[in-house]
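# Chains, contacts and geometry: an overview
Listed below are the residues making up each chain.
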Amino acid sequence: MEVVNVGLGERSYSIYMGKGLLPECGNRIKNIKTGKKIVVITNPAVNKLYGDTLKNSLTGAGFIVNFVEIPDGEEYKTINTAVKIYDRLIDIKMERESPLIALSGGVTGDITGFVAATYLRGVPYIQIPTTLLAQVDSSIGGKTAVNHPRGKNLIGAFYQPKAVFIDIDTLRTLPKEEILCGIAEIIKYGIIRDRDFFEYLEDNIKKLINLNEDILIHSIKRSCEIKADVVSKDERETDLRAILNFGHTIGHAIESLTNYKKYRHGEAVAIGMVYAARLSLESGFCSNKDYDRVVNLINAAGLPTAISGLNTNAVIDSLYLDKKVKEEKIRFILMNGIGSTEIYSDISHELIRKVLSH
Ligand code: NAD
Ligand code: GLY
């Protein structure tokens, strides 16, 4: 088992990762000081696959366990779903010390974190992410949220989990397209912070797609280390943490303009990373060679690198709704070559337009 620490003073926690962690996590959770009652929040599909294993592990460690199922899908990441969870927590008489566990992908993780942050003004929660994207990104760092009809993740809180358990065995049942979405975020970490890791991914991308265990563990661990390092330096995104949004500015616009139906989050991020790399190239911040390497790796991963028929005005309008807008200026995370990124807020509309219609 590998362990990565997220250093945040009294809110520090560990990310445990390896094979076979789910059946044995009950005893580890016992070591975290919490109440005896636990509520697991999950969706029907993941409950069917992993609910019993988790339940046995928790009851074996002496916990009283209840499961709350929420419907599967981004469209249910809403305040209405949160209210239904509150209702159940009140029925079950969950108290301040009683932890929640999020078992599934980022949708369940984000909503569980949001409920944990707000129910009784805050109860502990634990993340057990079962998608690759959630394992390398959404389960770490304490961004919790639900969507508003006018924008994604507009209602939320920074609220850190008590622990994260990543069992790579759960990825065996994850559809290939979902694996690729996680790989998009893994590639992002190489681009923003670690050129050697990017090279490692270039050398091993096919094995990663095929879930080679050594490559997978190294890639998840390195991604978690980079995210943990960034979050521990800037938990509430005053500056540095924004680099984690590389590719997300245009990615979010693409998701929103296609009503979250055409592209998965990771696919939109993959396209967004290509546009961000192109903006970096056109602004003179990175070389042609580095730009090509980014496009080639995303392509080799089997992820989309372009979108046709984009309405550039609609994209620009949509960029202004993004949470990354500051003083009416769109902030772009651009790369100064692979492994290094910076935040820029003076990119002209003309250049954005040029890159979008490339
Ligand atoms: P998701 O939670 O919708 O999961 C994708 C699908 O995989 C679902 O249908 C789910 O039921 C299924 N699934 C989950 N685990 C499975 C398994 N092991 N086997 C088979 N099927 C499984 O999507 P996601 O990509 O995990 O998360 C996307 C969400 O994460 C978005 O809402 C996004 O906003 C959020 N996010 C949050 C952060 C953050 O920092 N909080 C970061 C990135 C993304
Ligand atoms: N996924 C971006 C962040 O956690 O800040």
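Residues numbered from 1 in each chain as written. Chains lettered and ligands numbered in written order. Predicted model: local features only at pLDDT ≥ 70, side-chain atom pairs only at ≥ 80, totals over all residues. Heavy atoms only, no water.

### Remarks on the site of ligand 2
The local shell around ligand 2 consists of D137, K143, K227, E237, R241, L244 and N245. At 3.2 Å, a side-chain N or O of D137 approaches a nitrogen atom of ligand 2. Within the side chain of K143, a nitrogen or oxygen atom sits 2.9 Å from an oxygen atom of ligand 2. Protein contact buries 89% of the 200 Å² of open area that ligand 2 shows by itself. Of the residues belonging to the shell around ligand 2, the class tally is one nonpolar, one polar and five charged. (Near = heavy atom within 4 Å. Polar contact = N/O pair within 3.5 Å; in protein donor to acceptor, adjacent residues only side chain to side chain. Areas by Shrake-Rupley, 256 points an atom, 1.4 Å probe, with all protein chains shown as cover. Nonpolar A, V, L, I, M, F, W, Y, C, P; charged D, E, K, R; others polar.)

### Some words on the packing of helix α7 (residues 195–209) against helix α8 (residues 213–233)
Each packed pair of helices is defined by two parameters, the angle between the axes and the distance between the axes. Viewed as axis vectors pointing N to C, α7 and α8 meet at an angle of 140 degrees, and their least axial separation amounts to 10 Å. Viewed along their axes, α7 and α8 form a crossing whose handedness is left-handed. Counting all contacts with α7, which are made through F197, Y200, L201, N204, K207 and L208, the residues of α8 involved are D214, I215, L216, H218, S219, R222, S223 and I226. (Axes fitted to C-alpha atoms, helices over the stretch in contact; angles between N-to-C directions. Helix = DSSP H or I, 4+ residues; strand = E, 2+ residues; numbered from the N terminus. Left-handed = near helix turned anticlockwise from the far one by under 90°. Contact = heavy atoms within 4.5 Å.)

### Details of the pairing of strand β5 (residues 100–104)
When you tally the buried positions in β5, you get five out of five residues, the bulk of the element. Direction of pairing for strand β3 (residues 37–42) relative to β5: parallel, over a ladder of three bridges. The partner of V39 across the bridge, within β5, is L100. Crossover connection from β5 via helix α4 (residues 106–118) to parallel strand β6 (residues 125–129): handedness right-handed. (Buried < 20%, exposed > 50% of the residue type's maximum accessible area, 1.4 Å probe, protein only. Pairing = 2+ DSSP bridges. Right-handed = clockwise from strand over helix to strand, strands pointing away.)

### So, the packing of helix α9 (residues 248–257) against helix α10 (residues 265–282)
Orientation of α9 relative to α10, taken along the N-to-C sense of each, is 130 degrees, at an axis distance of 7 Å. Taken together, α9 and α10 sit at an angle that is classed as oblique. Once α9 is placed against α10, the crossing between them reads as right-handed. Taken together, the residues of α10 that come into contact with α9 (itself represented by H248, I250, G251, H252, I254 and E255) are H265, A268, V269, I271, G272 and Y275. Along the lines of polarity and charge, the residues of the contact of α9 with α10 split into six nonpolar, five polar and one charged. (Parallel < 35°, antiparallel > 145°, perpendicular 65-115°, else oblique.)

### Some remarks on the environment of L310
Relative to the elements of secondary structure, L310 occurs in the loop between α11 (288–300) and α12 (312–319). Between the C-alpha atom of L310 and that of A61, which follows or precedes it by 249 residues, the distance is 53 Å. Discounting residues that sit within four places of it in the chain, L310 has contacts with Y275, V315 and L356.

### Focus: the site of ligand 1
Close to ligand 1 lie 26 residues; E74, G106, T130, T131 and T173 are nearest. Within the side chain of N153, an N or O atom sits 3.5 Å from an oxygen atom of ligand 1. Considering ligand 1 on its own, with 870 Å² of exposed area, one finds that the protein chains cover 88% of that surface. Every element with two or more residues in the shell around ligand 1 is listed here: α2 (44–60), α4, α5 (132–138) and β8 (151–158). When its residues are assigned to classes, the shell around ligand 1 shows six nonpolar, 11 polar and nine charged.

### Here's the deal with the nonpolar core
One finds I15, L132, L171, I183, I187 and I220 to be the most contacted residues of the largest nonpolar core, which totals 61 residues. Setting aside residues up to four positions removed in sequence, L171 forms contacts with T130, T131, L132, Q135, I179, L211, L216 and I220. If you look at the next biggest cluster of nonpolar residues, it comprises 22 residues, including L22, I32, I38 and L54. (Core = buried A, V, L, I, M, F, W, Y, C linked by side-chain atoms within 4.5 Å.)

### Points about a nonpolar patch on the surface
Taken together, the side chains of I79, V83, L154 and I155 define a hydrophobic patch exposed on the protein surface, amounting to about 290 Å² of accessible area. For the nonpolar patch, the secondary structure elements donating two or more residues are α3 (79–92) and β8. (Patch = residues over 30% accessible without salt bridge, like charges linked within 9 Å, V, L, I, M, F, W, Y side chains within 5 Å. Salt bridge = Lys/Arg side-chain N within 4 Å of Asp/Glu carboxyl O.)

### Brief notes about the sheet that holds strand β4 (residues 64–69)
Spatial ordering of the open sheet is given by β1-β2-β9-β6-β5-β3-β4, a layout of seven strands whose pairing is mixed. Since the sheet does not close on itself, it has two edges, and those belong to β1 (2–6) and β4, each with one partner. Between one strand axis and the next, the sheet turns by 20 degrees as a mean value, whatever way the strands run. As defined by bridge partners, β6 adjoins strand β9 (residues 163–167) across two bridges and the pair is classed as parallel. Bridge pairing in β9 places I126 opposite A163. Set on the sheet, α8 makes contact with β1, β2 (13–18) and β9; between it and β1 the angle comes to about 15 degrees.

### What to know about the layout of surface pockets
By volume, the second largest pocket amounts to about 620 Å³. Elements represented by at least two residues in the lining of the second largest pocket include exactly α3, β7 (143–148), β8 and α9. By residue class, the composition of the lining of the second largest pocket is eight nonpolar, 10 polar and eight charged. (1 Å grid on protein atoms, 1.4 Å probe; cavity = no way out; pocket = protein on both sides within 12 Å on 5 of 7 lines; lining within 4 Å. Points joined across faces, edges and corners; volume = space filled by probe spheres on them.)

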